[in-house]
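A structural walkthrough
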Amino acid sequence: MPLIRGLARTAAVAGTATAVSNRVSRRQANRWAEQEQYPPQQDQYAAPPPAAAAAADPFEDLKELAQLHDQGVLTDEEFAAQKAKILG
């Protein structure tokens, strides 16, 4: 009799564990299916562009550029390119 009781208990525990495991697997599979069916919503609107910087004074930029050129930081070609960009 104790042997049958032990076997019955083992079968009940194993059956319960299997049922719980299957239920967890089904739940997880359903969640994955929902995620595939309904992808996460993204914002419909793009973020606004950053505010434009205050218009820089081209004369100040040219003065700073000339100082860098005089100090030898900028080559003649770099100076000419940046000057054209500022005045352009």
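Below is a summary of the structure that appears in this document. (Residues numbered from 1 in each chain as written. Predicted model: local features only at pLDDT ≥ 70, side-chain atom pairs only at ≥ 80, totals over all residues. Heavy atoms only, no water.)

Looking only at helices and strands, the protein chain has three helices and zero strands in total. Going residue by residue from the N terminus, the α and β elements of the protein chain occur as α-α-α. By residue count, 3% of the 88 residues in the protein chain fall in the buried class. Carbon and sulfur atoms make up 58% of the accessible area of the protein chain, which amounts to about 8300 Å² in all. (Helix = DSSP H or I, 4+ residues; strand = E, 2+ residues; numbered from the N terminus. Buried < 20%, exposed > 50% of the residue type's maximum accessible area, 1.4 Å probe, protein only. Areas by Shrake-Rupley, 256 points an atom, 1.4 Å probe, with all protein chains shown as cover.)

A contiguous patch of positive charge, built from R23, R26, R27 and R31, is present on the exposed surface. Here R27 lies in helix α1 (residues 2-37). (Patch = residues over 30% accessible without salt bridge, like charges linked within 9 Å, V, L, I, M, F, W, Y side chains within 5 Å. Salt bridge = Lys/Arg side-chain N within 4 Å of Asp/Glu carboxyl O. Lys, Arg positive; Asp, Glu negative; His and termini not counted. Charge placed at Lys NZ, Arg CZ, Asp CG, Glu CD.)

What follows concerns the pattern of salt bridges. In total, this model carries one salt bridge according to the counting rule given. A salt bridge links K63 to E60; the nearest nitrogen and oxygen atoms lie 3.8 Å apart. Taken as a pair, K63 and E60 lie in helix α2 (residues 58-70) at a separation of three residues, close to a single helical turn. For K63, a relative accessible area of 52% gives the class exposed.

Turning next to α2. With 13 residues, α2 should cover 18 Å at 1.5 Å per step; its first-to-last C-alpha distance of 18 Å lies within 8% of that length. Immediately downstream of α2, the backbone of G72 shows phi near 90°, a positive value. (Expected span 1.5 Å × (residues − 1).)

Between α2 and helix α3 (residues 76-87), the least distance of the axes is 10 Å, while the angle of their chain directions is 180°. Regarding the angle of α2 to α3, the classification is roughly antiparallel. Residue-level contacts link P58, D61, L62, L65, A66 and H69 of α2 to D76, F79, Q82, K83, I86 and L87 of α3. (Axes fitted to C-alpha atoms, helices over the stretch in contact; angles between N-to-C directions. Parallel < 35°, antiparallel > 145°, perpendicular 65-115°, else oblique. Contact = heavy atoms within 4.5 Å.)

Right, let's get into the environment of L65. Its place among the elements puts L65 in helix α2. Sequence separation of L65 and F79 is 14 residues, and the distance between their C-alpha atoms is 6.9 Å. Excluding residues that lie within four positions of it along the chain, L65 makes contacts with L74, F79, Q82, K83 and I86.

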